[in-house]
Amino acid sequence: MSDVLTAEVLRNALVVAAEEASIVVVRSAYSTFIVEGSDASAAVLDARGRLIAHSMATTLMNSMALKVALPELVRDVPLEMMRPGDVYVLNDAYRGGVHTNDLLVYRPVFVGDRPAYFAATMIHVSDLGGLSAGGMAPLATDIFLEGLQLPPVRLATSAGLEPAVEAILRANSRTPDKVMGDVRALVAGTAVAAARVGALVAEYGAAGLASGIDDYLDYTEARTRTALADLPEGRFEASYPIDDDGISPEKSHDVRVAITLERHHPQPSDGGDVDPQAPDGEPVEPQAPDGEPVEPQAPDGEPVEPQAPDGESQVRVLADVEPPQMRAVVDFAGTGAQVPAAINASASQSLAAAVFAVRCFLDPTIPMNDGCLRAIEVRLPEGSLLNARSPYPCGGRYVPIYAAMEAIFQALSDAVPERAIAPSGILQPFSIAAVGAPYWIHLSYDFGGVGARRGLDGPDATGVHFGIGRNSVPQAEPVESRCPLVVESIETIPDSGGPGRNRGGLGSRTVYRFLADCHVTTRGDRLRLAPPGRDGGLPGRVGGFFKRHLDGTVERLASKVNNVRFAAGEAFVVETTGGGGMGSPYERDREAVLADLDAGHVTERGAQEDYGLTR
């Protein structure tokens, strides 16, 4: 057994390996959104499919995809068929992926003659076909309209990229040179992480590294269960609506959740570690080349000792006291069925949303790795908005998973009122692209205001996201240097935060004026149904997408539109939604309202009408 210090050193070393890989991807990529928004993810996993570490800038939605998709890769390409230097890629949303533009890249790390670990990277490449440039396709009615789909295939060997795969990627992209630059960056990132993991194997030995990893995963599980024990036991339910699906604007959809916080008594039939999931939700059993099941192997080639129920009776925990057998069961039964529109999500994305939302109510210092997942069971009905099956589109995954997050936030706010948060405005993705070749593409989003929290105002224009904030929004100067547009203004919107004893965070307004004709595609939500307040707080102000014509008139666009043509000189206005307030606005401290007036967060009208203040 490794000691506490050694396990923590190993954990941090593996996190640094993943972080270095993501930095390499950002610095090597070609796409503006990656280079300027640092939107790259990296992770280290083991051959059993466990998430060991991920980069600090990584969104959980990406690292969860890398975890869930790895067993799918091993299903198609058994470990025995892999060779040093091989690199694999997939983007299949129904097999752990996200959507077509998100490429998941894996490099096996060998210990002896067998892969023991995987270095993985992931980014949203500039374009892989589909209805609109950049992979937005908000009006897609099936997956085939969203772009090129890739099952697990070998992307590179020690000799370089596979020519046939490169030819396929180039033939399906409006920006082939950028895409291949991004792909090479992904491959380079995996090489760096793999080298760092190899160095740790050399330093600690195969058995020593494996033992240290087991210890810190067990420790993470213990801390997660201990944190869950601080929450009240019981069942807590909530739901959250989606504005529309873009196809039938008058029809809304709902995501429903029931969270059960309970002391779990392991039974012989219960599972241990979170098993890799097949598309049908069943655990994936590793297969030998002949299709027969193989015995799980530790990195040193020895058989893996079977886990006891829920990983407890044979788990080595660094703490002296057995962890409380608490768990959270997050069940989305009752969520709307999948629809032929871009408001469905793949299972990996919904799993990430659920885990992220629960973790927001736990100790924030708990590491994110497979140990945490053992204590949180997520049930995603197959064929629902949160677990779509082919051929239903998955590109609009932000819409349902943000509804899932909000439903969990509200359910747990009922469970733990002292940590409550009102609903928030969310990110509003969009793309701006040339109307024809040669193509240029600007992919971006902006954030709404966060809902008010107990005793605290909501942060302005930062959104509730899976680990990133405004740093992921490309800055004006590099965007202007790469695309024929001018960013005229970026500002917060007064009075957009929901009034309350604690005010919701403000939304923002950004104006893009175009120097050339272009197409704009949007995929927003919470632009019709405002985030409500809590405990007497009022809703946030809804934002929207707008077209400012040459004569100065402004036209509101639908929240989900595809390839709306703008002429040179016209402007695209992005307004995000404010967060809901908490508590009666008439209970807000007078000095806080005056400070908001002075800062421009509320107007004189807002102070008077919303808070009853005159001066």
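Right, let's walk through the structure included here. (Residues numbered from 1 in each chain as written. Predicted model: local features only at pLDDT ≥ 70, side-chain atom pairs only at ≥ 80, totals over all residues. Heavy atoms only, no water.)

## So, the pattern of salt bridges
This is how the line gets drawn: Any Lys or Arg side-chain nitrogen found within 4 Å of a carboxyl oxygen on Asp or Glu counts as a salt bridge. Each helix is a run of H or I in the DSSP string that is no shorter than four residues. Each strand is a run of E no shorter than two, and both are numbered from the N terminus.
Here the structure, examined in full by the defined rule, presents 47 salt bridges. Measuring nitrogen to oxygen at the nearest pair gives 2.9 Å for the salt bridge that ties Arg 235 to Glu 237. Between Arg 509 and Glu 491 there is a salt bridge, with the nearest N and O atoms lying 3.2 Å from each other. Taken together, the positions of Arg 509 in strand 15 (residues 508-514) and Glu 491 in strand 14 (residues 485-492) put the pair 18 residues apart, joining distant regions of the chain. Salt bridges sharing common partners tie together Glu 262, Arg 327, Asp 331, Glu 377 and Arg 379.

## A word on unusual backbone geometry
Short version of the rule: Throughout, exposure labels follow a simple rule: accessible area from a 1.4 Å probe, protein chains only, divided by the maximum for the residue type, with under 20% read as buried, over 50% as exposed, and the rest as partly exposed.
Cis geometry is adopted by the peptide bond preceding Pro 391, which originates at Ser 390 and carries an omega value of 10°. Of note, Pro 391 is situated in the loop between strand 11 (376-379) and helix 9 (398-415). A cis amide bond, omega -5°, links Ala 437 with the succeeding residue Pro 438. Checked against the element boundaries, Pro 438 lands in the loop between strand 12 (428-434) and strand 13 (441-446). Residues other than glycine seldom take positive phi values, yet Ala 137 does so here, at roughly 45°. Mapping Ala 137 onto the fold places it in the loop between strand 5 (114-124) and strand 6 (153-157). On the basis of relative accessibility, which here comes to 1%, the residue Ala 137 falls in the buried class. If you check the backbone angles, Asn 563 has positive phi at about 55° while not being a glycine. Here Asn 563 shows up in strand 19 (residues 560-566). What makes Asn 563 partly exposed here is its relative accessible area of 27%.

## Here we look at the packing of helix 5 (residues 176-204) against helix 6 (residues 206-229)
Selection criterion: Lines fitted to C-alpha atoms define the axes, with helix axes restricted to the stretch in contact, and inter-axis angles between N-to-C directions lie between 0 and 180 degrees. Small angles under 35 degrees read as roughly parallel and large ones over 145 as roughly antiparallel, with 65 to 115 read as roughly perpendicular and the rest as oblique. The contact rule is simple, with two residues in contact once any of their heavy atoms fall within 4.5 Å. Residue polarity is assigned by list, with Asp, Glu, Lys and Arg as charged and Ala, Val, Leu, Ile, Met, Phe, Trp, Tyr, Cys and Pro as nonpolar; anything else, Gly included, falls into the polar class.
Their axes nearest at 6 Å, the elements helix 5 and helix 6 cross at an angle of 110°. Considering their axes alone, helix 5 and helix 6 lie roughly perpendicular with respect to each other. Within the contact between the two elements, helix 5 uses Val 197, Leu 200, Val 201 and Tyr 204 and helix 6 uses Ala 206, Gly 208 and Leu 209. Its residues assigned to classes, the contact of helix 5 with helix 6 comprises six nonpolar, one polar and no charged.

## Considerations on the sheet that holds strand 13
Inclusion rule: Pairing between strands is defined by DSSP: at least two bridges between them are needed.
If you walk across this open sheet you meet the four strands as 13-12-16-19, and the pairing is antiparallel. A single partner strand is all that each edge strand has here, and the edge strands are strand 13 and strand 19. On average, each strand axis in the sheet is tilted by 15° relative to the strand beside it, whichever way the strands run. Sheet topology places strand 12 next to strand 13; six bridges connect them, and they run antiparallel. Following the sheet pairing, Gln 428 is matched in strand 13 by Asp 446.

## A closer look at the packing of aromatic side chains
Condition: When the centres of two rings from Phe, Tyr and Trp lie within 6.5 Å, Trp using its six-membered ring, the rings pair. Their planes under 30 degrees apart give stacked, over 60 give edge-to-face, and anything left gives tilted. Charge over a ring is defined by NZ of Lys or CZ of Arg lying within 6 Å of the ring centre and within 35 degrees of the ring normal.
Within the structure shown, the criterion is met by nine aromatic pairs. Each ring, one from Phe 514 and one from Phe 566, has its centre 5.4 Å from the other, and the planes form 85°; the classification is edge-to-face. Taken together, the positions of Phe 514 in strand 15 and Phe 566 in strand 19 put the pair 52 residues apart, joining distant regions of the chain. In this pair, the class of Phe 514 matches that of Phe 566, namely buried. One aromatic cluster is present, built from ring pairs that chain together Phe 430, Tyr 512, Phe 514, Phe 545, Phe 566 and Phe 572. Here the guanidinium or amino end of Lys 547 rests over the ring plane of Phe 566, the centre of that ring lying 5.0 Å away.

## A look at the environment of Ile 376
Structurally, Ile 376 can be placed in strand 11. Taking the C-alpha atoms as reference points, Ile 376 and Thr 224, 152 residues apart in sequence, are found 8.8 Å from one another. Each residue touching Ile 376, except ones within four places of it in the same chain, is listed here: Ala 328, Val 330, Val 355 and Val 358.

## Quick word on the sheet that holds strand 6
Ordered in space as 2-1-5-4-3-6-7, the seven strands form an open sheet in which the pairing is antiparallel. Taken across any chain shown, the strands that pair with only one partner, and hence form the sheet edges, are strand 2 (51-54) and strand 7 (160-161). Two elements, strand 6 and strand 7, share two bridges in a ladder whose sense is antiparallel. Bridging from a neighbouring strand, Thr 157 pairs with Gly 160 of strand 7.

## Focus: the environment of Thr 335
The test is simple: Any pair of nitrogen or oxygen atoms within 3.5 Å is treated as a polar contact; in protein, a donor-acceptor pairing is required on top of that, and neighbouring residues in sequence qualify only through side-chain atoms on both sides.
Along the polypeptide, Thr 335 turns up in the loop between strand 10 (326-331) and helix 7 (347-359). On the basis of relative accessibility, which here comes to 10%, the residue Thr 335 falls in the buried class. In this structure, the C-alpha to C-alpha distance between Thr 335 and Ser 384, residues 49 residues apart in sequence, is 6.5 Å. When residues no more than four places from it in sequence are discounted, the contact partners of Thr 335 are Asp 254, Val 255, Arg 256, Ser 384, Leu 385 and Leu 386. Reaching out from Thr 335, the side chain makes a polar contact with the backbone nitrogen of Arg 256 at a distance of 3.0 Å. Here Phe 332 takes part through its backbone oxygen, which lies 2.9 Å from a polar atom of the side chain of Thr 335.

## Overview of the pairing of strand 11
Burial along strand 11 is one-sided: the face carrying Ile 376 and Val 378 is buried and the face carrying Glu 377 and Arg 379 is not. For strand 10 and strand 11, the ladder comprises four bridges, and the chain directions are parallel. If you follow Val 329 over to strand 11, its bridge partner there is Glu 377.

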